[in-house]
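Below are the chains, spelled out letter by letter.
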Amino acid sequence: MKPWDLEEIRRATKGRYLHRGTRAFSGRVSTDSRKAAENDLFIALHGEKFDAHNFLPDVLARKIAVALLHSEPSPATLALAAQNNVALILVDNTLTALNRLAAAYRKDLRAKVIAVGGSNGKTTTKRILHSLLSEKLVGHASPKSFNNNIGMPLTLLEVEPRHEYVILEIGTNAPGEIAALGDVCRPDIAVITSIGLEHLEKLLTLDGVAHEEASIARYLADAGTLILPAEAPELHRALKKSP
């Protein structure tokens with residue numbers, strides 16, 4: 001990530017300061033307390049089986065630049081932030097803040113954004129595209145299948161000013177998830193690899209899958225390009241119905 005100043009981060013995430021630090025943000029964003037390093041931005045995510053807020057004292061001791069959290073810290077944690085000159089920003093939800101930050105950063109990018117969706121073949125397609133493009137251009141692609149509302153924004157935030165493109169994967173388990181990711185990444189090019197019987201517990205039918213995958217078209221950047229499989233009648237129908 002380009003090393004934004006702390007106020008840019010606060011505005012992008014719609015947070016408020018609990019403590020104002022003066023450390024310069026390095027450009028590195030971490031959600032893993034074990035990997036957070038000096039002058040990083042640490043985002044304390046809260047999942048079903050973990051809560052990164054529990055590890056804030058350890059992270060603050062490493063003299064990160066700023067932490068995003070959605071739970072009020074203890075007095076001891078506030079004192080540790082002051083001791084190490086770390087900014088603390090309270091947001092309504094850290095996962096939402098991660099995606100807000102990525103969406104704001106997307107507007108600052110000169111790199112072309114390529115989003116790869118579809119029922120099958122996303123990771124393989126991403127790797128092929130990255131292999132071809134990297135012969136002539138400097139770009140970035142996630143090393144793993146980071147296609148959800150944590151992995152995709154983190155991949156977007158890894159883009160550096162020197163990069164000319166980034167390739168993202170966008171996946172779905174339920175209606176609306178592709179739209180949410182599309183609203184963050186606003187791709188210049190979107191690729192839908194295939195339509196198949198995936199996640200029918202929530203998408204219900206092949207037409208439901210097609211409608212969900214087709215929703216990325218609404219979030220293409222101006223003059224964006226959508227690349228589709230030729231033999232996917234459900235997808236072509238869904239696109240004709242899409243507003």
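Scroll up to find the structure.
Now for a description of the structure that goes with this document. Residues take numbers from 1 onward in each chain, read along the sequence in its written order. Restriction of local features to residues with pLDDT of at least 70 applies here, the model being predicted, together with a cutoff of 80 or more for giving and counting side-chain atom pairs; totals for whole chains, interfaces and linings are based on all residues. The basis for every side-chain value is the complete set of non-hydrogen atoms in the structure, without hydrogens or water.

We now examine unusual backbone geometry. Even without being a glycine, Lys 14 presents a positive backbone phi close to 60 degrees. Whether a residue is buried, partly exposed or exposed follows from its accessible area with a 1.4 Å probe, protein chains only, as a fraction of its type maximum: under 20%, in between, or over 50%, in that order. Judged by relative accessible area, which is 61%, Lys 14 ranks as exposed. The residue Asn 85 is not glycine, and still its phi comes out positive at about 60 degrees. Mapped onto the elements, Asn 85 comes out in the loop between helix H3 (75-83) and strand S5 (87-90). The class for Asn 85 is partly exposed, based on a relative accessible area of 26%. Numbering of helices and strands runs from the N terminus, with a helix taken as a DSSP run of H or I at least four residues long and a strand as a DSSP run of E at least two residues long.

The next subject is the sheet that holds strand S3 (residues 41-43). Pairing in this open sheet of five strands is mixed, and the strands run S1-S5-S4-S3-S2 from one edge to the other. Looking at which strands have only one partner, the edges of the open sheet turn out to be strand S1 (16-19) and strand S2 (29-30). Two strands form a pair only when DSSP identifies at least two bridges running between them. In this structure, S2 lies alongside S3, joined through two bridges in parallel fashion. Residue pairing across strands places Val 29 opposite Leu 41, the latter belonging to S3.

What follows deals with the nonpolar core. In terms of nonpolar packing, the biggest core is built from 49 residues, with Ile 9, Leu 41, Val 66, Leu 68 and Leu 156 touching the most fellow members. Per-element tally for this core: the top contributor is helix H4 (residues 94-106), with five residues. We call two residues in contact whenever any of their non-hydrogen atoms come within 4.5 Å of each other. With sequence-adjacent residues up to four places away left out, Leu 68 is seen in contact with Ile 9, Thr 13, Leu 41, Phe 42, Ile 43, Ala 44, Ile 89, Val 91, Thr 94 and Ala 97. Only buried residues count toward a nonpolar core. Its members are Ala, Val, Leu, Ile, Met, Phe, Trp, Tyr and Cys residues joined through side-chain atoms within 4.5 Å.

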